[in-house]
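Here is how the chains run, residue by residue.
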Amino acid sequence: MVRFLSLVAAAVALPTLACAFVPGINNELNKAGAVKPIASAPFVKSDGASSTERSAMLTQTELPEKLYFKKEKEVPKVLGGIQIGLRKLVVVTGASSGLGLACAETLAKTGNYFVVMACRDTDKAKKVAEERGFPKGSYVPMKLELGSLQSVRDFVANLKAFKSARPLTHLICNAAVYKPTDPEPAWTDDGFEMSMGVNHLGHFLLVNLLLDDMKKAKGARVCIVGSITGNTNTVGGGLVYPQADLGNLKGLESGMQKPISMADGKPFFGAKAYKDSKVCNMMTVSELHRRYHQTTGIVFSSMYPGCIAETALFREKRTWFRKLFPLFMKYVTGGYVGEAEAGERLAQVIDDPQCSKSGVYWSWNGGAKTVGRWAEDGKPRGAGGSGGEIFENEQSDAVRDLPTAKKVWEYSAKAVGLDPKEMCKDIDPLSLD
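So, here is what we can say about the structure in this document. Only a predicted model underlies this, so the values are computations on that prediction, with no experimental measurement involved.

**As for the overall build of the chain**
For step 1, the next point in the chain: Check the secondary structure of the chain and you find 14 helices and 10 strands.
For step 2, the next point in the chain: Counting across all 433 residues of the chain, residues that qualify as buried make up 61%.
For step 3, the next point in the chain: Carbon and sulfur atoms make up 55% of the accessible area of the chain, which totals about 17,600 Å².

**Observations concerning the packing of aromatic side chains**
For step 1, the next point in the chain: Enumeration according to the criterion identifies 5 aromatic pairs in this entry.
For step 2, the next point in the chain: Summarising the aromatic geometry, the rings of Phe114 and Phe162 are spaced 5.8 Å apart at their centres and angled 25 degrees between planes, so their arrangement reads as stacked. Placement of Phe114 in strand E2 (residues 113–119) and of Phe162 in helix H7 (residues 149–163) is noted, with a sequence separation of 48 residues between them. Here the two residues Phe114 and Phe162 agree in accessibility, since each one is buried.
For step 3, the next point in the chain: Look at Phe134 and Tyr139: their rings are 5.3 Å apart centre to centre, the planes differ by 85 degrees, and that puts the pair in the edge-to-face class.
For step 4, the next point in the chain: On the accessibility criterion, Tyr139 (15% relative accessible area) is buried.

**As for a nonpolar patch on the surface**
For step 1, the next point in the chain: Taken together, the side chains of Val78, Leu79 and Ile82 present a nonpolar region at the surface, about 340 Å² in accessible area.
For step 2, the next point in the chain: Of the residues examined, Ile82 reaches a relative accessible area of 67% and is grouped as exposed.

**Digging into helix H5 (residues 98–108)**
For the α-helix, the turn length of 3.6 residues means that residues three or four positions removed from each other point alike.
For step 1, the next point in the chain: Counting buried positions along H5 gives 11 out of 11 residues, so the element sits mostly inside the fold.
For step 2, the next point in the chain: Buried within H5 we find Gly98, Leu99, Gly100, Leu101, Ala102, Cys103, Ala104, Glu105, Thr106, Leu107 and Ala108.
For step 3, the next point in the chain: Those residues of H5 that are buried are in contact with strand E1 (88–93), E2, helix H6 (122–131), strand E4 (170–173), strand E5 (221–225) and helix H13 (339–351).

**Thoughts on the pairing of E1**
For step 1, the next point in the chain: Burial runs high along E1: 5 of the 6 residues are buried.
For step 2, the next point in the chain: Note that E1 and E2 share 6 bridges and pair parallel. Residue pairing across strands places Leu89 opposite Phe114, the latter belonging to E2.
For step 3, the next point in the chain: Handedness of the crossover joining E1 and E2 through H5: right-handed.

**As for the nonpolar core**
For step 1, the next point in the chain: By size, the foremost hydrophobic cluster in this structure holds 69 residues, and its most contacted members are Phe155 and Leu171.
For step 2, the next point in the chain: Ranked by residue count, the leading element in this core is helix H8 (residues 194–214), at 12 residues.
For step 3, the next point in the chain: Beyond its immediate stretch of four places on either side in the chain, Leu171 contacts Val91, Leu206, Val207, Leu210, Met214, Arg221, Val222 and Cys223.
For step 4, the next point in the chain: Listed in part, the 33 residues of the second largest apolar core include Cys119, Phe134, Ile172 and Val360.

**A word on unusual backbone geometry**
For step 1, the next point in the chain: Of the consecutive residues Lys258 and Pro259, the connecting peptide bond is found in the cis state with omega at 15 degrees.
For step 2, the next point in the chain: Within the fold, Pro259 resides in the loop between helix H10 (250–253) and helix H11 (270–296).
For step 3, the next point in the chain: Here the phi dihedral of Ser164 falls at roughly 60 degrees; this positive angle occurs in a residue that is not glycine.
For step 4, the next point in the chain: Mapped onto the elements of the fold, Ser164 is located in the loop between H7 and E4.
For step 5, the next point in the chain: With phi around 55 degrees, Met256 is a residue other than glycine that occupies positive phi space.
For step 6, the next point in the chain: Secondary-structure assignment places Met256 in the loop between H10 and H11.
For step 7, the next point in the chain: Residue classification places Met256 among the buried residues on the basis of a relative accessible area of 0%.

**Describing H7**
For step 1, the next point in the chain: Between its terminal C-alpha atoms H7 stretches 21 Å, which fits the 21 Å expected from 15 residues at 1.5 Å a residue.
For step 2, the next point in the chain: Three or more residues of H7 are buried, namely Leu149, Ser151, Val152, Asp154, Phe155, Val156, Asn158, Leu159, Phe162 and Lys163.
For step 3, the next point in the chain: Residues of H7 that are buried make contact with helix H4 (80–84), E1, E2, strand E3 (139–143) and H8.
For step 4, the next point in the chain: Downstream of H7 by a residue or two, Ser164 has a phi angle that is positive, lying close to 60 degrees.

**Some remarks on the pattern of salt bridges**
For step 1, the next point in the chain: As enumerated under the stated definition, the model contains 17 salt bridges in all.
For step 2, the next point in the chain: Lys109 serves as the salt-bridge partner of Glu105, at 2.5 Å between the closest nitrogen and oxygen.
For step 3, the next point in the chain: A salt bridge links Glu287 to Arg290, with the nearest nitrogen and oxygen atoms 2.8 Å apart. Of this pair, Glu287 and Arg290 both sit in helix H11, separated by 3 residues, roughly a single helical turn. In this pair, the class of Glu287 matches that of Arg290, namely buried.
For step 4, the next point in the chain: Shared partners join several salt bridges into a network, and the residues in it are Glu105, Lys109 and Arg132.

**Re the packing of H8 against H11**
For step 1, the next point in the chain: Two elements in contact, H8 and H11, have axes whose closest approach is 8 Å; the angle formed by their N-to-C orientations is 15 degrees. With respect to their mutual orientation, H8 and H11 come out roughly parallel. The handedness of the crossing between H8 and H11 comes out as right-handed. Taking contact as the criterion, the partners of Ser195, Met196, Asn199, His200, Phe204, Val207 and Leu211 in H8 are, on H11, Ala273, Tyr274, Asp276, Ser277, Cys280, Asn281, Thr284, Leu288 and Tyr292.
For step 2, the next point in the chain: Taken together, the residues of the contact of H8 with H11 break down into 9 nonpolar, 6 polar and 1 charged.

Calculation rules
Each chain carries its own residue numbering, running from 1 in the written order of its sequence. The predicted nature of this model means local features are confined to residues of pLDDT at least 70 and side-chain atom pairs, given and counted, to a pLDDT of 80 or more, with totals for whole chains, interfaces and linings taken over all residues. Calculated side-chain values reflect all of the structure's heavy atoms, with hydrogen atoms and water omitted. Helix and strand assignments come from DSSP, with helices taken as H or I runs of at least 4 residues and strands as E runs of at least 2, each series counted from the N terminus. Each residue is assigned to one of three classes by its accessible area relative to the maximum for its type, calculated with a 1.4 Å probe on protein chains only: buried under 20%, partly exposed between the two thresholds, exposed over 50%. Residue burial considers only the protein chains on display, and all accessible areas are found by Shrake-Rupley using a 1.4 Å probe. Aromatic rings from Phe, Tyr and Trp, with only the six-membered ring used for Trp, were paired whenever their centres fell within 6.5 Å, and each pair was classed as stacked if the ring planes differed by under 30 degrees, edge-to-face if by over 60, and tilted otherwise. Like-charged residues within 9 Å of one another, or nonpolar side chains (Val, Leu, Ile, Met, Phe, Trp, Tyr) within 5 Å, are grouped into patches, provided each residue has over 30% relative accessible area and no salt bridge. Whenever a carboxyl oxygen of Asp or Glu lies within 4 Å of a side-chain nitrogen of Lys or Arg, that contact is scored as a salt bridge. By definition, residues are in contact when any of their heavy atoms lie within 4.5 Å. For two strands to pair, DSSP has to find at least two bridges joining them. With the strands aimed away from the viewer, a crossover counts as right-handed if its path from the first strand over the helix to the second runs clockwise. In these notes, a set of buried Ala, Val, Leu, Ile, Met, Phe, Trp, Tyr and Cys residues joined through side-chain atoms within 4.5 Å is what counts as a nonpolar core. Helix span is expected to be 1.5 Å times the residue number reduced by one. Fitted lines through C-alpha atoms serve as axes, helices being fitted only where they are in contact, and the angles separating the N-to-C directions of these axes extend from 0 to 180 degrees. Roughly parallel refers to an angle under 35 degrees, roughly antiparallel to one over 145, roughly perpendicular to one between 65 and 115, and oblique to any angle outside these ranges. Crossings are classed by handedness, with left-handed meaning an anticlockwise turn of the near helix from the far one by less than a right angle and right-handed meaning a clockwise turn. Gly falls in the polar group here, along with every residue not listed as nonpolar (Ala, Val, Leu, Ile, Met, Phe, Trp, Tyr, Cys, Pro) or charged (Asp, Glu, Lys, Arg).

Below, the structure is given as structure tokens:
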């Protein structure tokens with residue numbers, strides 16, 4: 001009877017799970033927990049305040065008219081090659097909090113990686129790295145505002161100046177924003193709806209600008225964090241309204257410029273905008289693999305870390321919800337994973353030799369395709385939550401739609417103003433068919 005009532009509770013609560021399956025959202029604002037080493041394997045105009053102080057002035061829905069000012073461009077750091085030494089060089093976006101911070105810490109503490117913490121608030125990144133005990137000389141914060149294409153370009157220039165001739169080994173595209181309750185869209189500096197602009201288009205430009213450099217590295221890997229919410233063959237993506245649906249891509253084809261806020265050209269829907277951006281993320285990985293893996297050797301992958309139910313996303317929820325929701329995810333749906341373990345999972349995709357296969361969507365513990373099944377210890381298993389082994393998961397038919405993926409690539413390149421001269425020339429001829 002208890003099991004039956006639990007299943008009923010899960011069904012009744014499904015509408016709330018649209019938020020539950022979102023990994024690492026609003027990473028620049030999240031509070032992070034402790035992380036273990038790998039087991040195996042200002043938004044306002046400058047007024048003299050620091051970027052940390054300016055960030056603290058904003059709520060989830062209060063966004064400035066401008067995210068990035070040219071005068072905020074960092075002075076390029078130099079002589080990075082000396083600091084990096086013989087370690088692998090990895091960039092983690094959204095690394096000042098949440099999933100990105102947990103992953104960055106995990107990698108830094110192995111002693112095998114030098115981590116570039118790419119985030120909008122470098123003061124905050126430096127502070128949390130010191131508080132979390134990052135080994136000295138294992139990291140450097142570097143400014144990156146994904147809501148500004150100019151900032152993306154400035155970051156790439158600063159990164160190249162810092163590392164000099166040393167190629168970038170790994171790139172982890174983790175940063176994301178999620179605005180499911182906003183009635184009206186927020187906009188990036190370039191006039192894109194915030195979720196699509198930050199989660200997809202900013203990362204799309206970043207990856208393309210770094211491919212030529214990464215192809216020089218041995219064993220290079222790119223991982224773009226995905227989500228079950230973008231896969232309609234999962235509980236969070238298929239049973240929780242709204243479903244991700246790029247439609248005929250009318251909005252993206254038109255350039256996604258304000259007032260166009262959705263990839264399908266329809267009226268703004270915050271929860272769907274996030275899910276659509278994640279579909280685009282996963283399609284980008286598929287296209288990167290199809291176009292460049294064979295010719296560059298770079299491994300391209302995506303992953304779902306599990307439901308980080310204690311994320312700061314829920315800070316505006318009532319106290320009872322914040323206390324009960326993690327328990328619900330742990331003992332009813334089985335989708336719960338702690339921030340530390342989620343960070344280890346993301347780090348594993350970059351570090352583990354078994355993750356050297358390209359074009360894979362990695363998951364753990366069942367991949368969240370069903371509500372968890374009860375195990376002998378009385379806890380549900382198989383819903384993508386804590387524990388379990390890594391495996392190659394299957395994406396939905398919509399995510400694997402090749403004609404649509406090709407269009408997403410084409411329209412995205414045009415939207416971000418990516419010059420053909422800036423794109424990696426080592427494209428697989430077979431991908432042009």
